[in-house]
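Take a look at the letters that make up each chain.
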Amino acid sequence: QVQLVESGGGLVQAGGSLRLSCAASGRTFSSYTMAWFRQAPGTEREFVAAIRWSVNYDDSVRGRFTISRDNAKNTVYLQMNSLKPEDTAVYYCAATLAVPLYSDYRKYAYWGQGTQVTVSS
């Protein structure tokens, strides 16, 4: 089992940048596929990016966001550049032992509490 804690959210102007972090407990962090999802009010949770040995991005963030991980620190990151108001959402870190870089949130068993990202226009 793994526990996840996100940090780094906040308020930023359009065009700005933020870096989210997700710290994981446990000694087998490298065995997990890690992902970021986001959810705006009144919408379904949507896939942002995932990483294991490779990476996968949703088309809406490709070229602007970068997912990375540091297995020595049990941490996954989401560098978000060129932010847009439509990126405003609660961002969640998720983990699964499955190997594929799933974009379906139902494939992920472990979730953090979320961190709010607000992009003003």
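Residues numbered from 1 in each chain as written. Predicted model: local features only at pLDDT ≥ 70, side-chain atom pairs only at ≥ 80, totals over all residues. Heavy atoms only, no water.

Caption draft 1: Molecular detail of the sheet that holds strand β1 (residues 4-7). In spatial order, the strands read β1-β3-β8-β7; together these four strands make up an open sheet with antiparallel pairing. A single partner strand is all that each edge strand has here, and the edge strands are β1 and β7 (65-70). Ignoring which end each strand starts from, the neighbouring axes of this sheet average 15° apart. (Pairing = 2+ DSSP bridges. Helix = DSSP H or I, 4+ residues; strand = E, 2+ residues; numbered from the N terminus. Axes fitted to C-alpha atoms, helices over the stretch in contact; angles between N-to-C directions.)

Caption draft 2: Layout of the nonpolar core. Counting residues in hydrophobic clusters, the biggest one holds 28 residues, and the most contacted among them are Met34, Trp36, Val76, Leu78, Met80 and Tyr91. Sorting the residues of this core by element identifies β3 (18-24), β4 (33-39), β5 (46-51), β7, β8 (75-80), β9 (89-96) and β11 (115-120) as the ones contributing at least two each. Core analysis: the next-biggest nonpolar cluster, separate from the first, contains seven residues, Ala35, Phe47, Ala50 and Ala94 among them. (Core = buried A, V, L, I, M, F, W, Y, C linked by side-chain atoms within 4.5 Å. Buried < 20%, exposed > 50% of the residue type's maximum accessible area, 1.4 Å probe, protein only.)

Caption draft 3: Quick look at the side chain of Arg52. Positionally, Arg52 belongs in the loop between β5 and β6 (55-57). Here Arg52 occupies a buried position and makes no salt bridge, while the nearest side chain of opposite charge, Asp70, is found at 16 Å. Separated by 2.7 Å, the side chain of Arg52 and the backbone oxygen of Ser31 make a polar contact. Leaving out residues up to four positions away in the same chain, Arg52 has contacts with Ser31, Tyr32, Thr33, Arg69, Thr96, Leu97, Ala98, Val99 and Leu101. (Lys, Arg positive; Asp, Glu negative; His and termini not counted. Salt bridge = Lys/Arg side-chain N within 4 Å of Asp/Glu carboxyl O. Polar contact = N/O pair within 3.5 Å; in protein donor to acceptor, adjacent residues only side chain to side chain. Contact = heavy atoms within 4.5 Å.)

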